[in-house]
Amino acid sequence: MDSIARPGKSPTAAFRAAVVVACLVPSHAWSGELSATVAVTSDYVYRGQSLTDGNPALQAAVDFEHETGLFAGAWASTVNLENFGGRRDVELDWYLGYR
């Protein structure tokens, strides 16, 4: 699922909600691996189009894989887009799957 953050709605609100939920779940339910990455790129290019107008982008990801094979995560990048609803500054992608 792809989503672009809307003006006035902070993607950090979703992160905060995820942290609260993670704190409420018993620790034995989290038997798996948590990983995170942060990157700075010279330009965020998707399908030959720069999504940052040729400027650098800050990108980050958080992934969790449960020992059963279920995994979930989120990936975010700064962007510089004019869209139907106005200006977009952050792309946020969520994913869920099973290996």
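Residues numbered from 1 in each chain as written. Predicted model: local features only at pLDDT ≥ 70, side-chain atom pairs only at ≥ 80, totals over all residues. Heavy atoms only, no water.

### Notes on the pairing of strand β2 (residues 32-41)
The buried fraction of β2 is low, at zero of ten residues. Sheet topology places β2 next to strand β5 (residues 57-66); ten bridges connect them, and they run antiparallel. Residue pairing across strands places Ala36 opposite Val62, the latter belonging to β5. (Buried < 20%, exposed > 50% of the residue type's maximum accessible area, 1.4 Å probe, protein only. Helix = DSSP H or I, 4+ residues; strand = E, 2+ residues; numbered from the N terminus. Pairing = 2+ DSSP bridges.)

### Quick look at the packing of aromatic side chains
On inspection of all chains with the given rule, the structure shows one aromatic pair. Between Tyr44 and Trp75 the ring centres are 5.6 Å apart and the planes differ by 70 degrees, which places this aromatic pair in the edge-to-face class. Taken together, the residues span a long stretch of sequence, with Tyr44 in the loop between β2 and β3 (45-46) and Trp75 in strand β6 (residues 70-83) at a distance of 31 residues. Accessibility expressed as a relative area gives 22% for Trp75, which makes it partly exposed. Against the face of Phe71 rests Arg99, its NZ or CZ located 4.5 Å from the ring centre. (Phe/Tyr/Trp six-rings, centres within 6.5 Å; stacked < 30°, edge-to-face > 60°. Lys NZ or Arg CZ within 6 Å of the ring centre and 35° of its normal.)

### Focus: unusual backbone geometry
Not every positive phi belongs to a glycine, and Arg47 is a case in point at roughly 50 degrees. By the secondary structure assignment, Arg47 is in the loop between β3 and β4 (49-50). Relative accessible area serves as the criterion here: at 72%, Arg47 is assigned to the exposed category. The backbone of Asp53 sits at a positive phi, close to 55 degrees, despite the residue not being glycine.

### Quick word on the pattern of salt bridges
Within this structure, the stated rule accounts for one salt bridge. We note a salt bridge from Glu65 to Arg99, for which the minimum N-O separation is 3.3 Å. Remark: Arg99 occurs in the segment after β7 (86-98) and Glu65 occurs in strand β5; sequence separation between them is 34 residues. For Arg99, a relative accessible area of 63% puts it in the exposed group. (Salt bridge = Lys/Arg side-chain N within 4 Å of Asp/Glu carboxyl O.)

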